[in-house]
2 protein chains.
Amino acid sequence: MTHSSARRRDVTVADVAKAALVSKAQAARALGGYGAVSEDVRERVLAAAESLSYRPNELARTMNTGKSHTIGVVVGDIENPHFGLAMRGISDRAKASGFDVILINTGEDIRAETDAVRVLLDKRVDGLIVAPVSSPEKGHLERVCASGRPLVLFDRKVDGLDVDVVATDMTEVSRKSTAELIHAGHERIAFISTLKSQEPFWNGMDVSSTPIAERLKGMSLAFHDAGHSFPSDLVRLNAGNSDSVVGITQDLLRGPAPATAIVASDGLVALGVVEGIQTMGLSIPQDVSFLMYDDLAWTRLTNPPLSVISQPVYDMGAAAAAALIQRIQRPGVKSEIPEFTATLINRGSIGAVRGAASCYSLSESP
Amino acid sequence: MTHSSARRRDVTVADVAKAALVSKAQAARALGGYGAVSEDVRERVLAAAESLSYRPNELARTMNTGKSHTIGVVVGDIENPHFGLAMRGISDRAKASGFDVILINTGEDIRAETDAVRVLLDKRVDGLIVAPVSSPEKGHLERVCASGRPLVLFDRKVDGLDVDVVATDMTEVSRKSTAELIHAGHERIAFISTLKSQEPFWNGMDVSSTPIAERLKGMSLAFHDAGHSFPSDLVRLNAGNSDSVVGITQDLLRGPAPATAIVASDGLVALGVVEGIQTMGLSIPQDVSFLMYDDLAWTRLTNPPLSVISQPVYDMGAAAAAALIQRIQRPGVKSEIPEFTATLINRGSIGAVRGAASCYSLSESP
DNA sequence: GTGAAAGCGCTAACAA
DNA sequence: TTGTTAGCGCTTTCAC
């Protein structure tokens with residue numbers, strides 16, 4: 001049993017120095033790989049370290065240097081594969097540059113997000129990537145900037161915060177997708193999002209979350225292009241768990257002027273929408289057309305497979321990490337962030353409106 | 001602009017002490033909430049801290065106390081909702097006890113897992129929860145124990161490592177589910193797992209991953225119960241990405257003695273299996289029956305909805321955190337870990353074997 | 001090249 | 001109740 005004494009003190013540079021018969025400073029230099037050390041001393045020190053199985057105390061190191069070689073990531077919902085994939089992009093890119101990545105999940109709660117940012121700053125991460133929950137509060141993010149450590153926002157930008165943002169512009173793809181739906185005869189196109197909002201949506205309302213605002217703007221533009229008016233009564237915010245989405249879906253599909261197509265703003269909403277449609281005994285796309293954001297693996301398994309708007313999430317994660325590391329290594333230098341574009345993948349859940357002339361055929365995806 | 005000078009030194013206890021006209025020690029006591037401080041001094045110190053917007057340096061604090069009030073979590077694949085849900089259970093429980101949680105994702109790579117453990121130990125987390133990738137290597141986990149910090153394993157146990165394990169015993173539910181399949185006339189039941197293995201599976205082989213071993217043992221027992229022999233030629237390990245699973249599935253369904261039922265050992269494998277079945281133009285459950293582990297949200301959206309084996313993942317996460325925190329707070333005291341049981345949720349992907357007498361009807365789930 | 005000594009920001013033992 | 005003093009383990013002057 002080599003580890004019988006759990007309460008043993010960690011071995012320190014001093015121990016190594018003693019064993020190698022050199023000064024603490026020399027041992028530290030050899031171990032840390034800085035300063036000037038003779039070959040002879042270096043070897044003795046490394047050998048001693050090896051045999052004592054010395055491990056540097058990163059905390060002490062960080063305290064002195066101020067650098068931790070760690071980047072912190074804060075996301076709202078790690079159960080959403082969207083963030084899982086982004087996380088992989090971030091990790092891969094960071095690892096390639098010798099940075100460790102630690103993540104904190106907030107459950108889409110602004111208080112938890114504030115805590116998470118505080119914890120990571122306290123742990124002296126070298127920089128942060130935050131996928132901020134949509135909320136007017138931004139004090140915690142301003143505090144990051146004030147601390148002097150770089151911040152990169154993921155997915156949404158925050159008004160009045162001059163930091164790098166990695167996101168896909170959704171306006172164009174939304175416009176194009178909506179045009180596709182309109183082309184198929186739809187005018188009653190609904191949009192469901194979990195975005196929290198005090199008031200119901202109205203046309204021209206200032207939507208605080210950039211990606212949602214862009215999706216809505218794209219829809220609005222497409223309706224304008226087609227000479228129709230945007231059915232803003234079919235925009236539903238504040239969708240919560242899956243059950244509430246099911247309810248909203250059923251509500252949208254009932255009544256005198258039901259929706260003929262539904263757009264889900266993310267994978268979680270999509271689950272509820274499809275379930276809602278199914279429980280009403282309706283078929284996609286015969287009775288109602290369906291479109292969702294994010295190309296999740298399961299969307300190919302339903303019947304019909306679902307049409308989705310796909311974003312290069314992995315690449316976005318990698319780009320976020322790259323931009324952050326750039327900022328860390330060359331403070332003050334503006335980092336170049338690539339443009340990302342989302343594309344419509346039209347699988348089979350968009351169909352002609354029920355009862356309309358059935359001249360609709362899919363236009364090819366680019 | 002309040003944060004114009006990004007390069008300003010952080011404000012320390014010394015600064016606060018000076019402002020409050022007390023000694024550094026008194027300021028530290030007041031701020032840290034330990035020792036004895038008069039009401040007068042406490043107020044002056046807190047006021048000074050407030051006005052200087054003092055933030056304690058957690059690193060320095062951790063260096064002295066050895067405690068970080070942080071627990072580290074290491075998982076293989078955060079894209080798998082299984083771990084996302086577990087993570088929420090862990091976070092919720094930890095937060096309730098005042099612990100922060102940081103996570104590192106390893107991509108099912110043993111080297112990354114080793115690194116992750118090292119990083120977290122270096123950051124001086126108070127304890128670790130690890131969902132270990134199945135691998136013979138366990139040096140990194142032994143190092144955790146040697147460091148004196150508690151470790152809780154999630155999902156799988158590791159041979160020769162005497163630590164708390166939070167897992168669901170899969171033997172019984174596997175046996176029962178397999179019996180269900182056999183009852184429906186199936187004898188050619190396949191099992192696909194991503195578990196890495198040097199050699200193909202053979203009956204009686206020592207499978208290193210507990211949950212997979214249990215699944216297989218349950219199957220074997222059920223076949224034994226029914227007086228049939230276990231078709232070990234239909235057990236496929238080393239499944240990789242989705243494409244490879246599709247290939248394995250197609251292989252299993254071809255040939256002179258094809259599988260009539262397929263069991264997927266996790267959600268990722270399941271995606272490939274269903275896709276494989278669909279691309280062959282076969283129907284579930286008419287042509288082939290299907291069963292998978294983990295009750296993921298999308299399993300209700302396929303046609304038919306998929307039969308699954310459900311584990312209380314959130315509760316398991318919470319229990320892991322509870323056990324770990326117990327160990328942190330009362331070292332040496334053995335923590336009581338509840339038993340978890342998985343249940344078969346028979347939705348609609350298990351049917352009678354093609355061509356057999358169609359007397360099969362679902363037996364009710366408990 | 002080398003070593004002694006002064007920090008980093010905090011806690012904790014010891015006196016007063 | 002207070003203040004003084006020593007650390008925690010490392011990096012980093014600054015002399016030699």
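Note that this is a predicted model, so its numbers are computed, not measured. (Residues numbered from 1 in each chain as written. Chains lettered and ligands numbered in written order. Predicted model: local features only at pLDDT ≥ 70, side-chain atom pairs only at ≥ 80, totals over all residues. Heavy atoms only, no water.)

### Quick notes on the interface of chain B and chain A
Part 1: Taken together, the contact between chain B and chain A spans 45 residues of the former and 45 residues of the latter.
Part 2: For the pair chain B and chain A, the summed buried area comes to about 4500 Å², and 59% of that belongs to carbon and sulfur atoms.
Part 3: It is Leu59(B), Glu79(B) and Leu301(B) in chain B that bury the most area against chain A; as a group they hold 16% of the surface buried on that side.
Part 4: The tally of links from chain B across to chain A stands at six salt bridges.
Part 5: A salt bridge links Arg55(B) to Asp122(A), with the nearest nitrogen and oxygen atoms 3.5 Å apart.
Part 6: At the junction of chain B with chain A, the criterion picks out nine residue pairs in polar contact (both at pLDDT 80 or more).
Part 7: Sorting the residues of the side of chain B that touches chain A by element identifies α4 (58-65), α5 (81-96), β2 (100-105), α6 (110-122) and α11 (267-279) of chain B as the ones contributing at least two each.
Part 8: When grouped by side-chain class, the residues that make up the side of chain B that touches chain A number 20 nonpolar, eleven polar and 14 charged. (Contact = heavy atoms within 4.5 Å. Buried area = accessible area lost by both parts, 1.4 Å probe. Salt bridge = Lys/Arg side-chain N within 4 Å of Asp/Glu carboxyl O. Polar contact = N/O pair within 3.5 Å; in protein donor to acceptor, adjacent residues only side chain to side chain. Helix = DSSP H or I, 4+ residues; strand = E, 2+ residues; numbered from the N terminus. Nonpolar A, V, L, I, M, F, W, Y, C, P; charged D, E, K, R; others polar.)

### Focus: the side chain of Arg215(B)
All names here are of chain B.
Part 1: Its place among the elements puts Arg 215 in helix α9 (residues 210-225).
Part 2: Among buried Asp, Glu, Lys and Arg side chains, Arg 215 stands out as unpaired, with Asp 294 the closest opposite charge at 5.9 Å.
Part 3: When neighbours within four sequence positions are excluded, Arg 215 is seen to be in contact with Met 170, Ser 174, Phe 191, Ser 265, Tyr 293 and Gln 311. (Buried < 20%, exposed > 50% of the residue type's maximum accessible area, 1.4 Å probe, protein only. Lys, Arg positive; Asp, Glu negative; His and termini not counted.)

### Things to note about the UniProt feature "domain: HTH lacI-type" (unreviewed entry) in chain A
Part 1: Per the UniProt annotation, the sites labelled "domain: HTH lacI-type" (unreviewed entry) are residues 11-65 of chain A.
Part 2: Segment residues 11-65 of chain A splits into 71% helix and 0% strand. End C-alpha atoms: 21 Å apart. (UniProt positions renumbered as here; feature names shortened; annotations may be inferred.)

### Overview of empty space enclosed by the protein
Part 1: All told, the structure shown has six cavities of 30 Å³ or more when counted by the stated rule.
Part 2: Volume-wise, the largest cavity comes out at about 80 Å³.
Part 3: Surrounding the largest cavity, Leu59(A), Thr62(A), Ser68(A), Asp122(A), Lys123(A), Glu58(B), Leu59(B), Thr62(B) and Lys123(B) form its lining.
Part 4: Counting residues per element, the ones that place at least two in the lining of the largest cavity are α4 (58-65) of chain A together with α4 of chain B.
Part 5: The element best represented in the lining of the largest cavity is α4(B), accounting for three residues.
Part 6: Grouping the constituent residues of the lining of the largest cavity by class yields two nonpolar, three polar and four charged. (1 Å grid on protein atoms, 1.4 Å probe; cavity = no way out; pocket = protein on both sides within 12 Å on 5 of 7 lines; lining within 4 Å. Points joined across faces, edges and corners; volume = space filled by probe spheres on them.)

### Observations concerning the pattern of salt bridges
For side chains of opposite charge, pairing can occur when their charged atoms come near one another.
Part 1: Under the counting rule described, the total for this entry stands at 26 salt bridges over all chains.
Part 2: In this structure, the salt-bridge partner of Arg88(A) is Glu79(B), at a minimum N-O distance of 2.5 Å. Here the residue Arg88(A) occupies a position in helix α5 (residues 81-96), and Glu79(B) occupies one in the loop between β1 (70-75) and α5, the pair thus bridging two chains.
Part 3: A salt bridge links Asp122(B) to Arg118(B); its shortest N-O distance comes to 3.7 Å. Highlighted residues: Asp122(B) and Arg118(B), both in helix α6, separated by four residues, approximately one helical turn.
Part 4: Residues joined in a network through salt bridges with shared partners are Arg55(A), Asp115(B), Arg118(B) and Asp122(B).

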